[in-house]
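Listed here are the chains, written in short residue letters.
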Amino acid sequence: NLLQAASAERTPGDLRRMAAELMSGGLVVSGIEAQLAAATAAGRSGLADLDKAKRWMRRLRPAPLPLVIATSQASARLAAGEGRMDVASRAALRGIVAAERVAAGSPSPEIQASLASHVQALVDIGRSAALAKRDNDRLFRWIEAGRSTALSPPPITRSRNAVTAAARERVRDLRGQAWEGADAALASEIAGAEREAARIERGRIGRIRYPPRATLSGYKKALADRRGLHVFANDEDLHGLEIHGLARRIEPTPLMRFVVGAEDLSLDLVKAMSDAGPFHPSAAVPKLPVAAHRETVTVVCPPRSLFAIPWSAVPPLSAGPTAVAPSARWYTARPPKGTRGNLGIIVGPGLDTAEQEQKRVSAAHGSATATTTVAGALELLANSSIVHIAAHATFRSDNPLFSTIELDNGPLFAYDVSDLASVPDVIIVGACNAGSSRGGTSGLLGFVGALLGLGTSSVIAPVVPVPDEPPTVELMANLHAELASGTAPPVALHRARQSVAHPVAHAFQCFGR
């Protein structure tokens, strides 16, 4: 934080003096950070500052990993500024490896997400070098480098204890008191309880097992007969790498035009559902320069900021089944699983169609176990092969892991889900906005991120609010009928979508496999 803030507010000379004062006061780590800030602020003339910071770092054995990340970032920027892109790439890779080691020792999703901005700055340098060299294997590695820790397997040792449980229960109780509305005092108390719970979560202890990094050849093998589309932003354009047999770069699309078009697409979808009329995407929605495939699944790996847009409605992807995966590393480490098994249904209050939906979903599989409570929901999530959730959800953009699914005795938090020892293979979430994920540097948080990170292969959830009406029930019933017959989740969703003549069919997306 000092490195970033100081660079923006002080001159290189100020930063050098600050570094000297900190070092003389025995604050070695802070002194090195200030010296690195001076190197970054000085630009091409900052090489001497960088060398001094590295000499000071030799006093620390071993050097703290955050300092390794900061030094790598400064080295990569200076080398890139001088046009030495190979040197810059090697420095960037050192920083990414160090960031992954930090993330591996910090299972709190918030800590992992906070590393994303540092990693992304390093990735941008390496990816620019790969783009200039026209090397698709190298480009694939650098795209993946920025996403490898976006979602991770669960910690080796679980760390939930009485302190974390009590902190969450306090938030749950206060949220229950606010069900009918909260005055300023109660709202302030809820906010304070959430901050305390988040502070405790950040201190969780454990380590994360990361699967091996994905290679382009390994990812092609994992895709099998599917097609891959790695999408990434570089400068002002949206680029892509289409993977099927060979890897092919697609023509760049103006990034802002695509983002605005995707937002318009979501608005068009919401309006169509509100009017109960046909869904006609506006002309502003950009068409990706890729081939349309009606039967072949396209696996899209987008940047974090675009993870939760309605990809299955973007032309020409809308012509066939689509799955949205966090990274090739995640996809390669998750072998395909079946869609048959014991079904659990979690039902929340306040839905007019809940009883009808429960009956039709259960009938598609022959039988099911249902619950309406938080404890029952966690039990079903830990012991069912497939889980269907019919409930209202609240997405929290300010704190995604306090996003909730509302149940009879209170909210089920995304934090609660992150503690499960096992999770279903397939989860269908019929709740409003459950698929939303805060983008940018905060990573893939929320229910979808928690479930995919813990081992669920496929999560089908809406990316915009969906109506509590019969067409939604019809879509869910048809989807489960396909799953019960063994159809892969993205194909099942695509077929169910074709059988329902209502815009709600386009609101759901398959995340994962």
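Residues numbered from 1 in each chain as written. Predicted model: local features only at pLDDT ≥ 70, side-chain atom pairs only at ≥ 80, totals over all residues. Heavy atoms only, no water.

1. Focus: the overall build of the protein chain
Move 1: Each helix and strand in the protein chain was counted, giving 20 helices and 15 strands.
Move 2: Split into buried and exposed, the 513 residues of the protein chain put 57% on the buried side.
Move 3: Excluding contacts between residues fewer than 6 apart, the proportion of contacts in the protein chain whose partners are at least 24 apart in sequence is 74%.
Move 4: A total of about 20900 Å² of accessible surface is found on the protein chain, and carbon and sulfur atoms cover 52% of it. (Helix = DSSP H or I, 4+ residues; strand = E, 2+ residues; numbered from the N terminus. Buried < 20%, exposed > 50% of the residue type's maximum accessible area, 1.4 Å probe, protein only. Contact = heavy atoms within 4.5 Å. Areas by Shrake-Rupley, 256 points an atom, 1.4 Å probe, with all protein chains shown as cover.)

2. Things to note about the side chain of Arg227
Move 1: Mapped onto the fold, Arg227 is located in strand 1 (residues 227-234).
Move 2: Residue classification places Arg227 among the buried residues on the basis of a relative accessible area of 14%.
Move 3: Of note is the side chain of Arg227, whose polar atom sits 3.4 Å from the side chain of Glu242.
Move 4: The contacts of Arg227, once residues within four sequence positions are left out, are Glu242, Ile243, His244, His293, Thr296, Val297, Thr298 and Val299. (Polar contact = N/O pair within 3.5 Å; in protein donor to acceptor, adjacent residues only side chain to side chain.)

3. Overview of the packing of aromatic side chains
Move 1: Applying the stated criterion to the full structure yields four aromatic pairs.
Move 2: Through pairs of rings, three or more aromatic residues link up here, namely Phe140, Tyr219 and Tyr331.
Move 3: Across from the ring centre of Tyr331, 3.9 Å away, lies the NZ or CZ of Arg513, which sits over that ring. (Phe/Tyr/Trp six-rings, centres within 6.5 Å; stacked < 30°, edge-to-face > 60°. Lys NZ or Arg CZ within 6 Å of the ring centre and 35° of its normal.)

4. Some words on the environment of His280
Move 1: When you line up the elements, His280 lands in the loop between helix 13 (255-275) and strand 5 (298-301).
Move 2: Put simply, His280 and Leu265 are 15 residues apart on the chain and 9.1 Å apart in space, counted from C-alpha to C-alpha.

5. Looking at the nonpolar core
Move 1: In this structure, Trp311 and Leu412 are the most contacted members of the largest nonpolar core, which totals 131 residues.
Move 2: The residues contacting Trp311, other than those within four sequence positions of it, are Val231, Phe258, Leu288, Val300, Pro302, Leu306, Leu317, Thr322, Val324 and Gln509. (Core = buried A, V, L, I, M, F, W, Y, C linked by side-chain atoms within 4.5 Å.)

6. Points about unusual backbone geometry
Move 1: For the bond from Pro315 to Pro316, the omega torsion is 0 degrees, close enough to zero to count as cis.
Move 2: Along the chain, Pro316 turns up in the loop between strand 5 and strand 6 (322-324).
Move 3: A positive phi angle, close to 55 degrees, is found at Ala224, a residue other than glycine.
Move 4: With respect to the helices and strands, Ala224 occurs in the loop between helix 12 (216-223) and strand 1.

7. Describing the pattern of salt bridges
Move 1: A complete count under the given rule lists eleven salt bridges for this structure.
Move 2: Here Asp124 and Arg127 are joined by a salt bridge, their closest N and O atoms 2.9 Å apart. Residue Asp124 and its partner Arg127 are located together in helix 8 (residues 116-133), separated by three residues, close to a single helical turn.
Move 3: Of the residues examined, Asp124 reaches a relative accessible area of 30% and is grouped as partly exposed.
Move 4: A relative accessible area of 5% places Arg127 in the buried class.
Move 5: In this structure, Glu242 engages Arg248 in a salt bridge whose closest nitrogen and oxygen atoms are separated by 2.4 Å.
Move 6: Among the charged side chains, a salt-bridge network with shared partners connects Arg227, Glu242 and Arg248. (Salt bridge = Lys/Arg side-chain N within 4 Å of Asp/Glu carboxyl O.)

8. Topic: the environment of Phe413
Move 1: Position of Phe413 among the secondary structure elements: in strand 12 (residues 410-413).
Move 2: A residue is classified by how much of its surface remains accessible, and Phe413, at 0% relative accessible area, is buried.
Move 3: Taking the C-alpha atoms as reference points, Phe413 and Val171, 242 residues apart in sequence, are found 9.8 Å from one another.
Move 4: Every residue in contact with Phe413, bar those within four places of it in the chain, is listed here: Arg168, Val171, Arg172, Arg175, Leu401, Phe402, Ser403, Thr404 and Phe447.

9. Details of the packing of helix 3 (residues 28-42) against helix 4 (residues 47-57)
Move 1: One way to put it is that helix 3 packs onto helix 4 with a least axis distance of 8 Å and a crossing angle of 160 degrees. Accordingly, the angle class assigned to the pair helix 3 and helix 4 is roughly antiparallel. Note that helix 3 runs across helix 4; the crossing there is left-handed. The segment helix 3 lies against helix 4, with Gly31, Ile32, Gln35, Leu36, Ala38, Ala39 and Ala42 engaging Asp49, Leu50, Lys52, Ala53, Trp56 and Met57.
Move 2: The residue makeup of the contact of helix 3 with helix 4, split by class, is nine nonpolar, two polar and two charged. (Axes fitted to C-alpha atoms, helices over the stretch in contact; angles between N-to-C directions. Parallel < 35°, antiparallel > 145°, perpendicular 65-115°, else oblique. Left-handed = near helix turned anticlockwise from the far one by under 90°. Nonpolar A, V, L, I, M, F, W, Y, C, P; charged D, E, K, R; others polar.)

10. Re a positive patch on the surface
Move 1: Taken together, Lys52, Lys54, Arg55, Arg58, Arg61, Arg90 and Arg94 make up a surface patch of like positive charges.
Move 2: Breaking the positive patch down by element, the ones donating at least two residues are helix 4 and helix 6 (85-104).
Move 3: Looking at the positive patch, the element that brings in the most residues is helix 4, giving three residues.
Move 4: With respect to the helices, strands and loops of the structure, Arg55 is situated in helix 4.
Move 5: Classification of Arg55 as partly exposed rests on a relative accessible area of 44%. (Patch = residues over 30% accessible without salt bridge, like charges linked within 9 Å, V, L, I, M, F, W, Y side chains within 5 Å. Lys, Arg positive; Asp, Glu negative; His and termini not counted. Charge placed at Lys NZ, Arg CZ, Asp CG, Glu CD.)

11. Some thoughts on the packing of helix 4 against helix 5 (residues 65-81)
Move 1: Relative orientation of the contacting elements helix 4 and helix 5 amounts to 155 degrees, with a least axis distance of 11 Å. In terms of axis orientation, helix 4 runs roughly antiparallel to helix 5. For the pair helix 4 and helix 5, the crossing hand works out as left-handed. Across the interface between the two elements, Leu47, Leu50, Lys54 and Met57 from helix 4 touch Leu67, Val68, Thr71, Ala74, Ser75 and Leu78 from helix 5.

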